[in-house]
Amino acid sequence: NQVNKDDKIEEKIQKDVNDYWEWALKSYSKAQVLNGEIDSISYPNWQKIENNLEQAFRELNFDRLGENTLDNMIFIIAQQWDMGTILNWFNKGKESISQLGMTKTQLKILCKSGLHSTLIDAKSQLAASLYKIDNRELAIELLLKYYSDHNEYVRRCSLQSLHQLGYEKINPLLIQTWKENEKQGRMLCLKIWSQTNRDLFDRYSKQAAKDKREYLRNYARQLIQ
């Protein structure tokens, strides 16, 4: 019976999340876990989690998944941000989405669900990966929602994906990011403009080359050369 089989896979993922929490709370606070401030790589049962997720990507119909299972998957993705096995968020190679077999459709469903998440380490990976789904219009629609996130890093990952999709109206967003005056945000703006808009690059790189922040100043001067 397919329903029973699906239930068993979802139960395994729930148990993985429960076991992870049990391990994490022995050494860290709940807030530290949710904010990605723990040594998640040292969790001893990643292989079990990956095996169960691989089975889920292979066998579950994601269109029928409830929010609880999707939230569990998004939680695990957040905990594994620095390993990038579940979601290859900047990888463009053969396994461009996942080493565990996640499909473009599954990524799309997780990205839709992820909009409601409070986990920065999940949202940033999802935003950074969204350009890989096979519906460009939907990807842009979702990315613009991720770009309205309160977290600067999530917004930056959204911009990177919009750039990779060749989004035609990206310049107002880049100018908005520039006005926020965050060092990494300004560096991304300069990088994108250096590839797409010479006039804006010339104008803003001159500003950055005089910035008080040495790292940004040097980055701008490198790009100008």
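Quick note: structure is the one above.
Notes on the structure in this doc start here. Each chain carries its own residue numbering, running from 1 in the written order of its sequence. Only residues with pLDDT of at least 70 are given local features in this predicted model, and only at 80 or more are side-chain atom pairs given and counted; all residues enter the totals for whole chains, interfaces and linings. Hydrogens are left out, water is left out, and the side-chain values use all remaining heavy atoms of the structure.

Numbering goes from the N terminus for both helices and strands, where a helix is a DSSP run of H or I of at least four residues and a strand is a run of E of at least two. Tallying secondary structure elements over the chain gives twelve helices and zero strands in all. Counting from the amino terminus, helix and strand elements in the chain follow one another as α-α-α-α-α-α-α-α-α-α-α-α. Over its C-alpha atoms, taken along the principal directions, the chain stretches across nearly 65 × 40 × 30 Å. Here the chain, with 225 residues, has 49% of them falling under the buried criterion. Throughout, exposure labels follow a simple rule: accessible area from a 1.4 Å probe, protein chains only, divided by the maximum for the residue type, with under 20% read as buried, over 50% as exposed, and the rest as partly exposed.

What a helix should span is 1.5 Å times the count of its residues minus one. A rise of 1.5 Å per residue sets the reference length of helix H3 (residues 46–59), with its 14 residues, at 20 Å; its end C-alpha atoms lie 20 Å apart and thus fit the reference within 8%. Those residues of H3 that fall on the buried side of the exposure criterion are Trp46, Ile49, Glu50, Asn52, Leu53, Gln55, Ala56 and Phe57. Any pair of residues with heavy atoms lying within 4.5 Å of one another is described as a contacting pair. Residues of H3 that are buried make contact with helix H1 (2–24), helix H4 (67–79) and helix H5 (104–114).

The next thing to look at is the side chain of arginine 156. Relative to the helices and strands, arginine 156 is located in helix H8 (residues 152–164). Here arginine 156 falls in the buried class, since its relative accessible area comes to 19%. In this structure, arginine 156 is in contact with Gln184, Gly185 and Leu188, ignoring residues within four places of it in sequence.

In the sections that follow, a salt bridge refers to a side-chain nitrogen of Lys or Arg positioned within 4 Å of a carboxyl oxygen of Asp or Glu. Tallied over the full model, the rule gives 13 salt bridges. Between aspartate 211 and arginine 186 there is a salt bridge, with the nearest N and O atoms lying 3.9 Å from each other. With aspartate 211 in the loop between helix H11 (198–208) and helix H12 (214–224) and arginine 186 in helix H10 (residues 183–196), this residue pair connects regions lying 25 residues apart in the sequence. Judged by relative accessible area, aspartate 211 falls into the buried class, the value being 12%. You can call arginine 186 buried: its relative accessible area is 11%. Where salt bridges share partners, they join Lys15, Asp16, Asp19 and Lys48 into one cluster.

Before going further, it helps to examine the nonpolar core. Counting 72 residues, the largest nonpolar core has Leu53, Phe62, Met73, Ile76, Met102, Leu110 and Leu190 as its most contacted members. Sequence-distant contacts of methionine 73, that is, excluding residues within four places in its chain, are made with Ile13, Leu53, Ala56, Leu60, Phe62, Leu65 and Leu110. Throughout this description, the term nonpolar core refers to a set of buried Ala, Val, Leu, Ile, Met, Phe, Trp, Tyr and Cys residues connected via side-chain atoms within 4.5 Å.

Turning to the packing of H10 against H11, a few remarks are in order. At a closest axis distance of 8 Å, the pairing of H10 and H11 adopts a crossing angle of 145°. The element H10 and its partner H11 pack so that their crossing is left-handed. Residues Arg186, Leu190, Trp193, Ser194 and Thr196 of H10 touch H11, and the partners they reach there are Arg198, Leu200, Phe201, Tyr204, Ser205, Gln207 and Ala208. Any residue outside Ala, Val, Leu, Ile, Met, Phe, Trp, Tyr, Cys, Pro, Asp, Glu, Lys and Arg is labelled polar, Gly included; the first ten of those are nonpolar and the last four are charged. A class-by-class count of the residues in the contact of H10 with H11 yields six nonpolar, four polar and two charged. Axis lines are fitted to C-alpha atoms, over the contacting stretch for helices. Their N-to-C directions set the angle, which ranges from 0 to 180 degrees. Left-handed describes a crossing whose near helix is turned anticlockwise from the far helix by less than a right angle; the clockwise case is right-handed.

Our focus in this paragraph is unusual backbone geometry. Phi is positive for asparagine 181, which is not a glycine, with a value near 65°. Structurally, asparagine 181 can be placed in the loop between helix H9 (170–180) and H10.

This part covers the packing of H9 against H10. Direction vectors running N to C along H9 and H10 enclose 150°, while the axes themselves pass 8 Å from each other. As summarised for this structure, H9 and H10 are arranged roughly antiparallel, according to the angle between their axes. Like other packed secondary-structure pairs, H9 and H10 cross with a definite hand, here left-handed. Note on element contacts: H10 touches H9 through Gly185, Arg186, Cys189, Leu190, Ile192 and Trp193, opposite Ile170, Asn171, Leu174, Ile175, Thr177 and Trp178. Considering only residue class, the contact of H9 with H10 consists of eight nonpolar, three polar and one charged. Put simply, angles under 35 degrees are roughly parallel, angles over 145 are roughly antiparallel, angles from 65 to 115 are roughly perpendicular, and the rest are oblique.

Worth remembering: the numbers are spatial, not functional.
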